[in-house]
Amino acid sequence: MLRNKIDNFDSNFIQFLFFSSQTKIFKWNIEIINYSSNKSLENCKFMDDFKISNCSSIILNIKKCDFNKNLVLSFPNRDSLIFKNCNLNSFSLDNKKISKLLSFENCTWNIDIKNSNIEELQIIDSNFKLIEISNNKFSKRVKISFESEDNKIIWDIWEINFSGNTINDLRIGHSKIEKLTLYNIRNPSESEINIGNILINNLIISNIRNLWKIRFYDINYWKKENSKKNININNSSFWDSEFQNFNLNSFKDVYLYDNLFSDLKYTWVDWIYTIKVDKITNYWKLRNSYRILKEVAERNSD
């Protein structure tokens, strides 16, 4: 079906789409062009693709909307983009600049954020299945968490891929995660990485350069059938780092190799007796891994 292009001057449709409080269902492709109001888009259900092009509003709020196919936003620089109570089957943000906040609250399904310059990203109380965040520049905080008053873990995520991003503060917590990958990240001075209060089956940390602080706490295996139950930490340097209440022994396989732990402090860590280095066992690499862990234990008077 051909896309229906709606210009901002189509006032009747724009009035109905953005200003009507009633629930609206659209079964065809829609593209909004040259939209400039700051009014929220809400109470909509899009059965096909929905696109907003050349949107010049400073803040775009999208609330209580279902996007059953693709949501595509093509716009110049903006202050904030805020989603609340939305179902996003496929949302992609590529090569954009958001000078203040990109936020998802009480949302579901899948998001892909890449090659963008964003001040702050928060994903809160959202049951996403796949979160892809790659090759972005974040000048402030990235937060992926469930805001539970009683500190319960009820978030269920299939996979988070966080790779190649420039960060200033990263926090991931209060979640059940099938697979979490942190790859090719440089944590600069005055910045912190906090990963904690999670149940997880497959944790991969690779090529991390930590120049300030990194903390892993309250991490345990998520008892779920047909899961890999692996931890793989490799080719990373940890400067000021902490492991707290980290149950390594609850995982089937733990890979630790080619890491530098300059100042690792740990408390209540249940270490595993046998570590692995890679798929093909390398004696010298394995020996070096045990030597580094021994030095860490001696510095912690253990």
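Now for a quick tour of the structure. In this text, all values refer to a predicted model and were calculated from it rather than measured experimentally.

What about the overall build of the protein chain?
Scanning the protein chain from N- to C-terminus turns up two helices and 22 strands. For the protein chain, with 302 residues in total, the buried portion stands at 49%. Of all intrachain contacts in the protein chain linking residues separated by at least 6 positions in sequence, the fraction that spans at least 24 positions is 31%. Total accessible area on the protein chain is roughly 14900 Å²; 46% of this is exposed by carbon and sulfur atoms.

A few points about the packing of aromatic side chains
Enumeration according to the criterion identifies 16 aromatic pairs in this entry. Taking the centre distance of 5.1 Å and the plane angle of 15° together, the rings of Phe238 and Phe261 count as stacked. Of the two residues, Phe238 is situated in strand β20 (residues 237–247) and Phe261 in strand β22 (residues 260–270); the sequence distance between them amounts to 23 residues. Considered together, Phe238 and Phe261 belong to a single accessibility category, that of buried residues. Feature note: the residues Phe26, Trp28, Phe46, Phe50 and Phe67 constitute an aromatic cluster, connected by ring pairs. The aromatic ring of Tyr217 is capped on one face by Arg215, whose charged end is 4.1 Å from the ring centroid.

With respect to the pattern of salt bridges
Working definition: two side chains of opposite charge can pair if their charged atoms are close together. Scanning the entire structure with this criterion turns up eight salt bridges. Ionic pairing is found between Glu242 and Arg215, a salt bridge with its closest N-O pair at 3.9 Å. Taken together, the positions of Glu242 in strand β20 and Arg215 in strand β18 (residues 213–221) put the pair 27 residues apart, joining distant regions of the chain. Overall, Glu242 belongs to the partly exposed group, its relative accessible area being 27%. Overall, Arg215 belongs to the partly exposed group, its relative accessible area being 27%.

Points about unusual backbone geometry
The phi torsion at Lys64 lies on the positive side, around 50°, for a residue other than glycine. Position of Lys64 among the secondary structure elements: in strand β6 (residues 59–74). The backbone of Asn197 shows a phi angle near 55°, a positive value even though the residue is not glycine. Residue placement: Asn197 occurs in strand β17 (residues 192–210).

Considering the environment of Ser241
Structurally, Ser241 can be placed in strand β20. Considered as a pair, Ser241 and Ser262 are 21 residues apart in the sequence and their alpha carbons are 8.4 Å apart. Contact partners of Ser241, with chain neighbours within four places excluded, come to Ile214, Asp263, Leu264 and Lys265.

Brief notes about the nonpolar core
Membership of the largest hydrophobic core comes to 79 residues, with the highest contact counts inside it found for Phe83, Leu88, Phe91, Phe104 and Leu182. Ignoring any residue separated from it by four or fewer positions in sequence, one finds Phe104 in contact with Phe83, Leu88, Phe91, Ile111, Ile113, Leu121, Gln122, Ile123, Ile124, Ser126 and Phe128.

Describing the side chain of Lys143
Within the secondary structure, Lys143 is located in strand β14 (residues 141–145). The class of Lys143 is buried, set by a relative accessible area of 16%.

Focus on the environment of Phe216
Turning to its location among the elements, Phe216 is positioned in strand β18. Not counting chain neighbours up to four residues away, the residues in contact with Phe216 comprise Ile195, Ile205, Phe238, Glu242, Phe243, Gln244 and Phe246.

The rules behind each value
Each chain has its residues counted from 1, following the order in which its sequence is written. In view of the model being predicted, local features appear only for residues whose pLDDT reaches at least 70, and side-chain atom pairs are presented and counted only at 80 or more, with totals across whole chains, interfaces and linings using the full set of residues. Derived side-chain values reflect all non-hydrogen atoms in the structure, with water molecules and hydrogen atoms excluded from consideration. Elements are defined by DSSP. Helices are runs of H or I of four residues or more, strands are runs of E of two residues or more, and each kind is numbered from the N terminus. Burial here depends on accessible area, computed with a 1.4 Å probe over protein chains only, as a share of the maximum for the residue type. Under 20% is buried, over 50% is exposed, and the range in between is partly exposed. Any two residues having at least one pair of non-hydrogen atoms within 4.5 Å are treated as being in contact. Residue exposure ignores everything except the shown protein chains as possible cover, and the areas themselves are Shrake-Rupley values with a 1.4 Å probe. Pairing of aromatic side chains here covers Phe, Tyr and the six-membered ring of Trp, requires ring centres within 6.5 Å, and sorts the geometry by plane angle: under 30 degrees stacked, over 60 edge-to-face, intermediate tilted. Criterion for a charge above a ring: Arg CZ or Lys NZ at most 6 Å from the ring centre, at most 35 degrees from the ring normal. By convention in these notes, a salt bridge is any Lys or Arg side-chain nitrogen within 4 Å of a carboxyl oxygen on Asp or Glu. Throughout, nonpolar core names a set of buried Ala, Val, Leu, Ile, Met, Phe, Trp, Tyr and Cys residues whose side chains join them through atoms within 4.5 Å.

Don't take any of this as a statement about function, it's just geometry.
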